[in-house]
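In case you want the letters, here they are:
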Amino acid sequence: MPEMPTKLAEIVEEFAAAPRDVVLEMLLEYADVIPPLPAGTERNDLEQVPECQTAFFLRADVNPDGTVSTVFDCPPEAPTTRAFAGILAEGLAGASVSEVLAVPGDLYQRMGLAQAISPLRVRGGTAILARLQRQVREQAG
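Residues numbered from 1 in each chain as written. Predicted model: local features only at pLDDT ≥ 70, side-chain atom pairs only at ≥ 80, totals over all residues. Heavy atoms only, no water.

Caption draft 1: Just the state of the cysteines, in detail. For the structure on display, the rule yields zero disulfides. Unpaired in this structure, Cys52 has its nearest cysteine sulfur neighbour in Cys74, at a distance of 7.2 Å. Judged by its relative accessible area of 9%, Cys52 falls in the buried class. (Disulfide = S-S within 2.5 Å. Buried < 20%, exposed > 50% of the residue type's maximum accessible area, 1.4 Å probe, protein only.)

Caption draft 2: Local environment of the sheet that holds strand β3 (residues 68-73). Strand order in this open sheet of three strands is β1-β2-β3, and the pairing throughout is antiparallel. Edge positions in the sheet fall to β1 (47-48) and β3, since each of these pairs with one other strand and no more. Both strand β2 (residues 57-62) and β3 contribute to a ladder of six bridges, which runs antiparallel. When the bridges of β3 are listed, Phe57 appears paired with Asp73. Across the face of the sheet, helix α6 (residues 119-140) comes into contact with β1, β2 and β3 while running at roughly 30° to β2. (Pairing = 2+ DSSP bridges. Helix = DSSP H or I, 4+ residues; strand = E, 2+ residues; numbered from the N terminus. Contact = heavy atoms within 4.5 Å. Axes fitted to C-alpha atoms, helices over the stretch in contact; angles between N-to-C directions.)

Just geometry here; none of it tells us what the structure is for.
And the structure:
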């Protein structure tokens, strides 16, 4: 049974072990991790995640070597949602198809975020992961 990428597992453990009062602060540090859209990429090339309260777009690409690349587009004025994407961008960097698909759907609950942020935001983050995994599954055939 494949496991989620080591880097993502480390991020999850770090959050799960953190005191409740610093979790939100830690989360927001990931809002700055998302790289800008690659040159030549437009929002139309990405899939919107309507479950997010903010305009959020993503794309997953399965590379010829079996690794997955991610592209996220989220406005700076939505730091929590950007942070979810930042965690995935960093945690899934260089991950294989099977590792990406092994990420549990309750990732954000495991991180202890359900106590720190609103259920609506957790649902948005969960939807981001679900759409990303669906795109990977479709391309992996």
